[in-house]
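As a plain string of letters, each chain reads:
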Amino acid sequence: MMFLVFGGLFILGLIVFIISTDNLSQFGANPAGVRLERIKNSPNFDGKGFINPNKYVEEFTALETIKMTYRFFSYSEEREPSVELPVKHIDSATIANNPQNELRVSWMGHSTALIEIDGKRILTDPIWSERNSPSTLWGPKRFHPVPIQLNELPPLDAVIISHDHYDHLDKPTVESLSQTGVHFYVPLGVGAHLEKWNVPLSQIHELDWWDEIDLPECSVKILAVPGMHFSGRRLPGKNPTLWVSWIIMGTKQKVFFSGDTGEYSEHAEIGRKYGPFDFTLISIGAYGKLWPAIHHTPEQAVATHLALNGKIFLPIHWGTFNLAFHEWFEPPERLLNAAEAANIKFAIPKPGQTITDSDIPPHETWWRDYK
């Protein structure tokens, strides 16, 4: 009888999970055909999957996975704020009106930012969903509302995606943005997910490390550069798609967007070859001993900013989802100390706050009011 009860509950749970993942379409699709052939010809593909610059491979045994899962759901850290975080609502008219074409960055939360350069608007790793998960019922829930609704955004010139993890590639957001006709710039293989979600092929551009492309009818170029991470929307995975950091180059200004990466020596070469960068948007959250090489600590992020020859540091990948074994407010606290010790220019914006290269606000410790 107990077997029947548990079996029935399992089947019911499986049905609910499938329904809550849009009949599993959230998992996307594996690269095939011409896309797969291009992947096989990439120097960064070893025949089984993509590899990191120093051949580092993130691998977990079954026992380690069980331990990590238990650790994630049984913890004493304050991983979520006690109240909803403050959000500065972004007015669509303000974004639409940038008469001086100044360099502006509006942080939407996590790794999502709207970058305005040379009068063009580029959106990074957009996630507007309530949860960072394939399911609408389970998974990390956002700490704060989005600063602006998708339908309030003025026309975009590009959407850039760093890799295919759920907190960086959000299916409902992609589907909504696709209907505007905006072009997506993604790492090798990620186009398979977008095609599965009915994004027209004419709107998808896939890049390998060191590939450069001009945005249509403007002076802005983007370049895909290596990072230290991994990929996949299914478990287990063997890095079926690539991950990248992005360089955005205008006529006079440049921005570095890290996506997810750990610290590695290539950043200094990127800084020498393509710096200085007016803004560096670098991840500072979701680090831990279990994944030492694939996510920056705040101190490593500052070191990367210096290696890149950055001018102004803006932290990303924190303050929106519970993703790691540290308190939610720890990343900005550590960043504050590291940035001041390194004597760099930086800002830690609230969600929705806009920063320009000519007006860096005084340092606020706003997160301390929401512990």
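Residues numbered from 1 in each chain as written. Predicted model: local features only at pLDDT ≥ 70, side-chain atom pairs only at ≥ 80, totals over all residues. Heavy atoms only, no water.

Asks: Can you walk me through the overall build of the protein in this structure?
Replies: Within the protein one finds 9 helices and 14 strands. Counting only residues that meet the buried cut, the protein has 54% of its 371 residues in that class. Long-range pairs, those at least 24 residues apart, make up 70% of the contacts in the protein with a sequence separation of at least 6. Accessible area for the protein stands at about 16,700 Å²; split by element, carbon and sulfur atoms hold 54% of it. (Helix = DSSP H or I, 4+ residues; strand = E, 2+ residues; numbered from the N terminus. Buried < 20%, exposed > 50% of the residue type's maximum accessible area, 1.4 Å probe, protein only. Contact = heavy atoms within 4.5 Å. Areas by Shrake-Rupley, 256 points an atom, 1.4 Å probe, with all protein chains shown as cover.)

Asks: Just to check I follow, could you spell out the layout of surface pockets for this structure?
Replies: If a probe the size of a water molecule is rolled over the atoms, the empty space left behind becomes visible. By volume, the second largest pocket amounts to about 210 Å³. Of the residues belonging to the lining of the second largest pocket, the class tally is 3 nonpolar, 3 polar and 4 charged. (1 Å grid on protein atoms, 1.4 Å probe; cavity = no way out; pocket = protein on both sides within 12 Å on 5 of 7 lines; lining within 4 Å. Points joined across faces, edges and corners; volume = space filled by probe spheres on them. Nonpolar A, V, L, I, M, F, W, Y, C, P; charged D, E, K, R; others polar.)

Asks: Explain the packing of aromatic side chains here, please?
Replies: Applying the stated criterion across every chain, the model contains 10 aromatic pairs. With a centroid separation of 5.7 Å and an interplanar angle of 40 degrees, the aromatic rings of W318 and W366 are classed as tilted. Residue W318 is located in the loop between β12 (310-316) and α9 (330-342), and its partner W366 is located in the segment after β14 (354-356); the two are separated by 48 residues in the primary sequence. Judged by its relative accessible area of 4%, W366 falls in the buried class. Feature note: the residues W107, W318, W366 and W367 constitute an aromatic cluster, connected by ring pairs. The side chain of K273 reaches across the aromatic face of W210, ending 6.0 Å from its centre. (Phe/Tyr/Trp six-rings, centres within 6.5 Å; stacked < 30°, edge-to-face > 60°. Lys NZ or Arg CZ within 6 Å of the ring centre and 35° of its normal.)

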